[in-house]
Amino acid sequence: MNFKEELKRRTEEAEHVIREYLPEESGFAKTMAEAMNYSMTAGGKRLRPILIRETYELFGGKDKLCEPFMAAMEMIHTHSLIHDDLPALDNDDYRRGRLTTHKVYGEAMGVLSGVALLNRAYEVMLSAFDLTEDKDRVIAAMRIIADKTGINGMLGGQSVDVENDGKPLEHKMLDYIYKNKTSALIEASMMTGAVLAGASEKELEIVEQAAENIGLAFQIQDDILDVTSIQEELGKPIHSDEKNNKVTYVSLVGAPAAASRVKELSDHAVELLDDLDRKNGFLDLLVESLVSRRK
Ligand SMILES: CC(C)=CCC/C(C)=C/COP(=O)(O)OP(=O)(O)O
Ligand SMILES: C=C(C)CCOP(=O)(O)OP(=O)(O)O
Ligand SMILES: [Mg+2]
Ligand SMILES: [Mg+2]
């Protein structure tokens, strides 16, 4: 398998699915629709939608039921990035190689278009009821997503993250922040693919653990790139963490130790996936590739 080519094909396919669910830019609320689409069409790796499809296929899913969830997940993720960049939070001017949404449309529209994407995600997920007789699987997926993005997941983690800007942090709290602000959405993505395809409780637990490790590795790599990359490659400003006086994994243990931790977490995730009776070779390669990602 040529991994790069396969990844490109899957990214393009995710891109196509996402575009089907974007709001129309018309009517009195046209500006907000434009702001929503501005960030949604700015690129991005589309990692979470790809993880949904790959995990869906890992458990035997073959049809389009996962597609509204792929689009919805990218909307939730993009909402989180628009808000993460706002002046009240990380105050960053570039994202996905473009000026941030609030820089182009103003702060009020940044707040509103972010919330509107979050709301649209739920409208899109509800449309999945039209694609299956098995309503329980759709409900189960939506329950996971609501839970993992709220106070017990992404929002909880993000709130503790911003609350602690400029304060010393212990490992335990940093782990809480990373597991929630970043891993929770990766967990929700992979678990969504799994429940939609009918995975068992036991399989779902393994997927959740693997995704937690992937998410931690992903966030630590993000910390590393914040100090080792360049804006042109990353598409967002470097040294954002230092600007906000954030304790990160890199500031706590240094970049080389952080890189070893990324490798350990990624290896552990692949081992966990190996415990399943099923295999998706591309998914394993994707997880392994995140260790050396440069953007
Ligand atoms: C509800 C909200 C707003 C959630 C944001 C979650 C999140 C993982 C943001 C990015 O983290 P970061 O600031 O460490 O990364 P980046 O370098 O991409 O800004
Ligand atoms: C969790 C973090 C570090 C936020 C950025 O996520 P991605 O690195 O997946 O951002 P895009 O590719 O979607 O822009
Ligand atoms: Mg942040
Ligand atoms: Mg940020």
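Residues numbered from 1 in each chain as written. Chains lettered and ligands numbered in written order. Predicted model: local features only at pLDDT ≥ 70, side-chain atom pairs only at ≥ 80, totals over all residues. Heavy atoms only, no water.

Brief notes about the site of ligand 1
Turning to step 1, where the next piece is worked out: Taken together, the neighbourhood of ligand 1 is formed by 13 residues, with Asp84, Asp90, Arg95, Lys181 and Lys236 sitting nearest.
Turning to step 2, where the next piece is worked out: Residue Gln219 places a side-chain N or O atom 3.2 Å away from an oxygen atom belonging to ligand 1.
Turning to step 3, where the next piece is worked out: Between ligand 1 and Lys236 there is a distance of 2.6 Å, counted from an oxygen atom to a side-chain nitrogen or oxygen.
Turning to step 4, where the next piece is worked out: Within the complex, the protein chains bury 91% of what would otherwise be the 520 Å² of accessible surface of ligand 1.
Turning to step 5, where the next piece is worked out: Residues that form the shell around ligand 1 fall into these classes: two nonpolar, five polar and six charged. (Near = heavy atom within 4 Å. Polar contact = N/O pair within 3.5 Å; in protein donor to acceptor, adjacent residues only side chain to side chain. Areas by Shrake-Rupley, 256 points an atom, 1.4 Å probe, with all protein chains shown as cover. Nonpolar A, V, L, I, M, F, W, Y, C, P; charged D, E, K, R; others polar.)

A short note on the packing of helix H3 (residues 47-58) against helix H15 (residues 281-289)
Turning to step 1, where the next piece is worked out: H15 packs onto H3 with a crossing angle of 145° between their chain directions and a minimal axis gap of 9 Å. Viewed along their axes, H3 and H15 form a crossing whose handedness is left-handed. The segment H3 lies against H15, with Leu47, Ile50, Leu51, Glu54, Thr55 and Leu58 engaging Phe282, Leu283 and Leu286.
Turning to step 2, where the next piece is worked out: Here the contact of H3 with H15 is built from residues that sort into seven nonpolar, one polar and one charged. (Axes fitted to C-alpha atoms, helices over the stretch in contact; angles between N-to-C directions. Helix = DSSP H or I, 4+ residues; strand = E, 2+ residues; numbered from the N terminus. Left-handed = near helix turned anticlockwise from the far one by under 90°. Contact = heavy atoms within 4.5 Å.)

Quick word on the layout of surface pockets
Turning to step 1, where the next piece is worked out: One number sums up the size of the second largest pocket: a volume of about 160 Å³.
Turning to step 2, where the next piece is worked out: Around the second largest pocket sit Arg137, Ala140, Arg143, Ile144, Val195, Gly198, Ala199, Ser200, Glu201 and Leu204, which together line it.
Turning to step 3, where the next piece is worked out: For the lining of the second largest pocket, the secondary-structure elements that each account for two or more residues are helix H7 (135-149) and helix H10 (201-228).
Turning to step 4, where the next piece is worked out: For the lining of the second largest pocket, the per-class residue count stands at five nonpolar, two polar and three charged. (1 Å grid on protein atoms, 1.4 Å probe; cavity = no way out; pocket = protein on both sides within 12 Å on 5 of 7 lines; lining within 4 Å. Points joined across faces, edges and corners; volume = space filled by probe spheres on them.)

Concerning a nonpolar patch on the surface
Turning to step 1, where the next piece is worked out: A cluster of nonpolar side chains, namely Tyr94, Leu99 and Val104, defines an oily patch on the protein surface of about 230 Å² accessible area.
Turning to step 2, where the next piece is worked out: On the secondary structure map, Tyr94 appears in strand S1 (residues 94-95).
Turning to step 3, where the next piece is worked out: Accessibility expressed as a relative area gives 33% for Tyr94, which makes it partly exposed. (Patch = residues over 30% accessible without salt bridge, like charges linked within 9 Å, V, L, I, M, F, W, Y side chains within 5 Å. Salt bridge = Lys/Arg side-chain N within 4 Å of Asp/Glu carboxyl O. Buried < 20%, exposed > 50% of the residue type's maximum accessible area, 1.4 Å probe, protein only.)

What about the coordination of the magnesium ion (ligand 4)?
Turning to step 1, where the next piece is worked out: The coordination sphere of the magnesium ion (ligand 4) contains the protein donors Asp84 (OD) and Asp90 (OD), at a distance range of 2.1 Å.
Turning to step 2, where the next piece is worked out: Here the magnesium ion (ligand 4) and the magnesium ion (ligand 3) are spaced 3.1 Å apart, linked through Asp84, which binds each one. Each member of the pair, Asp84 together with Asp90, is buried. (Donors = N, O, S within 2.8 Å, 3.2 Å for Na, K, Ca; no water.)

Focus: H7
Turning to step 1, where the next piece is worked out: Over its 15 residues, H7 extends 21 Å from the first C-alpha to the last, a length consistent with the 21 Å expected when each residue adds 1.5 Å.
Turning to step 2, where the next piece is worked out: Of the residues making up H7, those classed as buried are Val138, Ala141, Met142, Ile144, Ile145, Lys148 and Thr149. Here the buried residues of H7 occupy an arc of 155° about the axis, which is enough to place them on one side. In H7, the exposed residues that point more than 90 degrees away from the buried face are Asp136 and Arg143.
Turning to step 3, where the next piece is worked out: Buried-residue contacts for H7 involve helix H4 (67-84), helix H6 (107-126), helix H8 (154-163), helix H9 (171-196) and H10. (Expected span 1.5 Å × (residues − 1). Arc of directions from axis to C-beta.)

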